[in-house]
Amino acid sequence: MSESTYIVEEGLLASNGQRFLNYIVDYAFTYTFSYVFGLILPLFINVLDSIGLTGFGFWVYNAGNITWFFVGIAMTMIYYILMEGFFGRSLGKLMTGTIVVNENGLKPGFGTIFKRTLCRSIPFDAFSFLGSSGIGWHDSISDTYVVNKQGLEEDIKMFHEFNLIGVQETES
């Protein structure tokens, strides 16, 4: 059997429009989730206060804007790590039919997704994919690609079928 390895082709990369829509959908989701979290948090604090755990409520009510800024970043990072780590796609990517893969078209490991997510904290990273290549900084640094899922599946299938051409079955 052939020992060749599949490599993602440039033609499978998600368009800049898809990437931008991914960003907008994911941003809206994380913003809404953070807002709902902010509404539920006082209820949670009241429960903790009722059982005698008052320190957490004191910390929450006295936290400054910088603390909440970092809480928001942490929530966004958790969202991307969980969604892309388990499913290879966020809600935005699910809506646009795109998926995160490594150079071989496979779902990246959690370490790679963690690195990818950390890179999202680079200032202006959200707009880095708008260049001609369509590859963002968080993609290039983590060696990942956002591609059209259906096109990738078809391309991988064709790659493996092509590799079977000329292979003869051996009889034992």
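Residues numbered from 1 in each chain as written. Predicted model: local features only at pLDDT ≥ 70, side-chain atom pairs only at ≥ 80, totals over all residues. Heavy atoms only, no water.

## A word on the overall build of the chain
- When helices and strands are counted, the chain shows seven helices and two strands.
- Traced from its N-terminal end to its C-terminal end, the chain shows the element sequence α-α-α-α-β-α-α-β-α.
- Every one of the 172 residues in the chain was classed for burial, and the buried ones make up 33%.
- Intrachain contacts of the chain at a sequence separation of at least 6 include 69% that bridge at least 24 residues.
- With the model as given, the accessible surface of the chain reaches about 11100 Å², and the carbon-plus-sulfur share is 67%. (Helix = DSSP H or I, 4+ residues; strand = E, 2+ residues; numbered from the N terminus. Buried < 20%, exposed > 50% of the residue type's maximum accessible area, 1.4 Å probe, protein only. Contact = heavy atoms within 4.5 Å. Areas by Shrake-Rupley, 256 points an atom, 1.4 Å probe, with all protein chains shown as cover.)

## Some points on the pairing of strand E1 (residues 98-101)
- Because side chains alternate across E1, one face comprises the buried residues Thr98 and Val100, and the other comprises Ile99 and Val101, equally buried.
- Summarising the sheet, E1 and strand E2 (residues 145-148) pair through four bridges and their orientation is antiparallel. Along E2, the bridge assignment pairs valine 100 with valine 146. (Pairing = 2+ DSSP bridges.)

## Side note on the packing of aromatic side chains
- For the structure on display, the rule yields nine aromatic pairs.
- Between the aromatic rings of tyrosine 27 and tyrosine 31, the centroid separation amounts to 6.3 Å while the plane-to-plane angle is 20°, which identifies the pairing as stacked. With tyrosine 27 and tyrosine 31 both in helix H1 (residues 16-50) and four residues apart, this pair spans about one turn of that helix.
- For tyrosine 27, a relative accessible area of 48% puts it in the partly exposed group.
- Residue classification places tyrosine 31 among the exposed positions, given a relative accessible area of 54%.
- A cation over an aromatic ring shows up here: arginine 120 above the ring of tyrosine 80, its NZ or CZ 3.7 Å from the ring centre. (Phe/Tyr/Trp six-rings, centres within 6.5 Å; stacked < 30°, edge-to-face > 60°. Lys NZ or Arg CZ within 6 Å of the ring centre and 35° of its normal.)

## Describing the packing of H1 against helix H3 (residues 65-87)
- Following both chains from N to C, one finds H1 and H3 inclined at 125°, their axes separated by 10 Å at the closest point. Classified by the angle between their axes, H1 and H3 sit oblique to one another. Between H1 and H3 lies a crossing whose hand is right-handed. Contact residues: Asp26, Phe29, Thr30, Phe33, Ser34, Phe37 and Leu41 in H1; Trp68, Met75, Thr76, Tyr79 and Tyr80 in H3.
- Grouping the amino acids of the contact of H1 with H3 by side-chain chemistry returns eight nonpolar, three polar and one charged. (Axes fitted to C-alpha atoms, helices over the stretch in contact; angles between N-to-C directions. Parallel < 35°, antiparallel > 145°, perpendicular 65-115°, else oblique. Left-handed = near helix turned anticlockwise from the far one by under 90°. Nonpolar A, V, L, I, M, F, W, Y, C, P; charged D, E, K, R; others polar.)

## A look at the packing of H3 against helix H5 (residues 110-119)
- At a minimum axis separation of 9 Å, H3 and H5 run at an interaxial angle of 145°. You can see that H3 and H5 cross each other, and the crossing is right-handed. The residues of H5 that touch H3, namely those facing Met77, Tyr80, Ile81, Glu84, Gly85 and Phe86, are Phe110, Ile113, Phe114, Arg116, Thr117 and Leu118.
- Its residues placed into classes, the contact of H3 with H5 shows eight nonpolar, two polar and two charged.

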